[in-house]
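Results of the structural survey
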Amino acid sequence: MIKIGLLKEGKIPPDNRVALIPSQCKWLVKNNSDIQIKVQSSENRCFSDEEYRRAGIEVIDDLSDCSILLGIKEVPVSQLLKHKTYLFFSHTRKKQVYNQRLLQTIIENKCTLIDYECMEHEDGQRIIGFGFFAGIVGAHNGMMAYGQRTGSFKLERVYKQKDFKELIHCYFGLKVPNIKIAVTGSGRVAHGILEVMNLMGIIEVEKEEYLSRDFAYPVYVQLKGSDLYAHKENGSYSREDFHEHPENYVCLFQNYVSQTDILMNGVYWDVNVPRLFSLQAVSASDFRIQVIADITDDSNGSVPINLGDQTIENPVYGVDRHSFIKTPPFQPGSVDVIAVGNLPNELPRDASKYFGEQLIKFVLDDLFTGQSDILERATIVKQGHLTPRFEYLRDYAEGKTGVTGINNNL
Ligand SMILES: NC(=O)c1ccc[n+]([C@@H]2O[C@H](COP(=O)([O-])OP(=O)(O)OC[C@H]3O[C@@H](n4cnc5c(N)ncnc54)[C@H](O)[C@@H]3O)[C@@H](O)[C@H]2O)c1
């Protein structure tokens, strides 16, 4: 019998998402006679203890008799049990200094750590994540801020809706003015943004048209890697080369700043990737962008006027176009920025359901039956030992190095 435990999220502030929702637990137990699922009681989880009980799942405080423990965010070091297999987002693979002690304790406790973020198909495409719902919530918030800034329409807050289905009702009859929206990226976040664009009836147009004319209706353009970046020397774009040597590329988004009212940013970014635009561009008279939903959300990252995170309750701030200082939102001389690092927490029930579906489809069978390439590639520590793929973490695991300033959004 394989005993699986769903952890109560221990990180402060506590996350409200969960790896498997009650109906998924019920389905798994019904279809696998040799597995048992227990849930650690939690007051913060988006599905109540009672909902798990109603699905026939035992709710307890102590998961020490489970061998596989599923969480979402980092498990606090003091709560790590010995000799367990843990699955969660550990944020250790880039040697994040704030999780160094976590990795060390996992090793000391002879645990196995399988990190969701490292679950990838052979070509490096990530298998599991919350980006889609970050895109949904971020795009909604971007539109909400524009409506509030201009007084042209009003949208309710996402977290006040029970779920995504209820959220969609907010879009019936919504009249969006004839604005132009640029959506960057092509991953999960970008797909979530496009979902909202389409639900709001905003029309997709080609980039040439977007740049050259105005429309009698609201439009958006999606800018993927090949639309956004070009090699410094020959102007070409190769996805593989760009991922390996982003420093050799320039960003073409500058062409869009004079044609865009709202930027919805969903690109992947790291320090070597060129920024979407410069600070000087923000001060220039042709900078038309009024609202930036920076869903990627790296402080001073792809969006150089991302001045750090806001909260779900208070998601928008302004940035003065000349001094680049934070201002209250919706001021005439400022650009409004929405930068929130835990967007999926506004739609936690849907985000958890989607996450659990991916877990069931791509991961759990292999976890129950033994090894798989995907799981092997995602195993950072096996029974207290760094696996060969993560041997590069040795100095970090031994307390020598660590890296600061990396976003840990999910
Ligand atoms: N604000 C939030 O709450 C929140 C939530 C989830 C994700 N995010 C952030 O949004 C960004 C996009 O997330 P996503 O879920 O769309 O990611 P994803 O893995 O689904 O897509 C990433 C995309 O970026 C491209 N890419 C470019 N350079 C890359 C590189 N060097 N390595 C890997 N991929 C590269 C990939 O081709 C892919 O299309 C990330 O920075 C993530 O941290 C924010």
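Residues numbered from 1 in each chain as written. Predicted model: local features only at pLDDT ≥ 70, side-chain atom pairs only at ≥ 80, totals over all residues.

Put simply, the test is: UniProt positions are given in the numbering used here, feature names are shortened, and annotations may be inferred rather than shown by experiment.
Under the annotation held in an unreviewed UniProt entry, the chain carries the name Alanine dehydrogenase and is attributed to Flavisolibacter ginsengisoli DSM 18119. Recorded in UniProt for the chain, the comment headed Sequence similarities (unreviewed entry) runs: "Belongs to the AlaDH/PNT family."

1. Observations concerning the overall build of the chain
Inclusion rule: Secondary structure elements follow DSSP: runs of H or I of four or more residues count as helices, runs of E of two or more count as strands, with numbering from the N terminus. Each radius of gyration reported is based on C-alpha atoms, and the globular scaling rule is 2.2 Å times the count of residues to the power 0.38. Counts of 20 or more other C-beta atoms within 10 Å of a residue's own C-beta define buried residues, counts of 12 or fewer define exposed ones, and intermediate counts define partly exposed ones; C-beta atoms are placed from the backbone. A pair of residues counts as a contact when their C-beta atoms, built from backbone coordinates, are within 7 Å of each other.
Summing up its helical and strand segments, the chain has 13 helices and 18 strands in all. For 410 residues, the compact-globule estimate of 2.2 N^0.38 gives 22 Å, and the C-alpha radius of gyration of the chain, at 22 Å, lies within 12% of that figure. Taking the principal axes of the C-alpha coordinates as reference, the chain spans close to 65 × 50 × 35 Å. Sorting the 410 residues of the chain into buried and exposed places 44% on the buried side. Restricting to contacts in the chain with at least 6 residues of sequence separation, those with at least 24 account for 69%.

2. Observations regarding the UniProt feature "active site" (unreviewed entry) in the chain
As annotated by UniProt and renumbered to match this structure, "active site" (unreviewed entry) occupies Lys 73 and His 91. These annotated residues cover 19 residues of sequence, and their C-alpha atoms all fall within 8.7 Å of one another, placing them together at a single site. Assignment of secondary structure puts Lys 73 in the loop between strand E4 (68-70) and strand E5 (85-88). On the basis of neighbour count, Lys 73 is assigned to the partly exposed category, with 19 C-beta atoms found within 10 Å. Discounting chain neighbours no more than four positions away, the residues touching Lys 73 are Glu 9, Lys 11, Asp 15, Phe 88 and Phe 89. Relative to the elements of secondary structure, His 91 occurs in the loop between E5 and helix H3 (100-108).

3. Some words on helix H1 (residues 22-31)
The test is simple: Our arc is simply the arc of the directions from the helix axis toward the C-beta atoms.
Of all the residues in H1, the buried ones are Pro 22, Gln 24, Cys 25 and Leu 28. Buried positions in H1, seen along its axis, are confined to an arc of 160 degrees and lie on one side of it. Every exposed residue of H1 that faces more than 90 degrees away from the buried side is listed here: Lys 30 and Asn 31. Considering only its buried residues, H1 is in contact with strand E2 (35-40), helix H2 (49-54) and helix H11 (348-369).

4. Observations concerning the packing of helix H4 (residues 131-150) against helix H6 (residues 188-199)
Applied cut-off: Whenever a helix is involved, its axis is fitted only over the stretch in contact; in every case the axis is a line through C-alpha atoms, and angles between N-to-C directions fall within 0 to 180 degrees. Angle categories are assigned with fixed cut-offs, so that under 35 degrees is roughly parallel, over 145 is roughly antiparallel, 65 to 115 is roughly perpendicular, and the rest are oblique. Rotating anticlockwise by less than a right angle from the far helix to the near helix defines a left-handed crossing, while the corresponding clockwise rotation defines a right-handed one. Note on residue classes: Ala, Val, Leu, Ile, Met, Phe, Trp, Tyr, Cys and Pro are nonpolar, Asp, Glu, Lys and Arg are charged, and everything else, Gly too, is polar.
The contact between H4 and H6 brings their axes to 6 Å, and the two run at 45 degrees. Our classification of the angle between H4 and H6 gives oblique. Helix-helix and strand crossings are classified by hand; for H4 and H6 the assignment is right-handed. Here Gly 131, Phe 132, Phe 133, Ala 134, Gly 135, Ile 136, Gly 138, Ala 139 and His 140 of H4 come into contact with H6, specifically with Arg 188, Val 189, Ala 190, His 191, Gly 192, Ile 193, Glu 195, Val 196 and Met 197. Class assignment of the residues belonging to the contact of H4 with H6 gives a composition of 10 nonpolar, six polar and two charged.

5. Topic: the environment of Ser 334
Looking at the secondary structure, you find Ser 334 in strand E16 (residues 334-338). Since 24 C-beta atoms lie within 10 Å of it, Ser 334 is described here as buried. Residue contacts for Ser 334: discarding those within four places in its chain leaves Gly 318, Val 319, Asp 320, Arg 321 and Thr 327.

6. What to know about H3
Listed as buried for H3 are Gln 100, Leu 102, Leu 103 and Ile 106. For H3, the arc enclosing every buried residue in end-on projection is 165 degrees, short of the 170-degree limit, so these residues lie on one face. Opposite the buried face of H3, at more than 90 degrees from it, the exposed residues are Arg 101 and Glu 108. On the buried face of H3, the contacting elements are strand E6 (112-115), strand E17 (379-382) and helix H13 (394-397). Looking one or two residues beyond H3, the residue adopting positive phi is Lys 110, at roughly 55 degrees.

7. Structural notes on the sheet that holds strand E15 (residues 326-327)
The cut-off we apply is this: Criterion used throughout: strands pair if DSSP finds at least two bridges between them.
Strand order in the open sheet made by the eight strands is E8-E9-E7-E12-E13-E16-E14-E15, with mixed pairing throughout. Unpaired on one side and paired on the other, strand E8 (203-204) and E15 mark the two borders of the sheet. In terms of strand pairing, strand E12 (residues 262-265) meets strand E13 (residues 291-294) through four bridges, oriented parallel. Looking across to E13, one finds that Met 264 is bridged to Ala 293. Sheet strands in contact with H4 are E12, E13, strand E14 (316-320) and E16, and its direction is about 160 degrees off that of E13. Running over the sheet, H6 touches strand E7 (180-184), strand E9 (219-223) and E12 and is turned about 155 degrees from E7.

8. Side note on the site of the ligand
Stated precisely, the cut-off is as follows: As a rule, any residue with its backbone-derived C-beta atom within 6 Å of a molecule or strand is reported as near that molecule or strand.
Taken together, 25 residues sit near the ligand, with Gly 131, Ala 134, Gly 187, Val 189 and Tyr 268 positioned nearest. Sorting the residues of the shell around the ligand by element identifies H4 and H6 as the ones contributing at least two each. Classifying every residue of the shell around the ligand by side-chain character gives 10 nonpolar, 12 polar and three charged.

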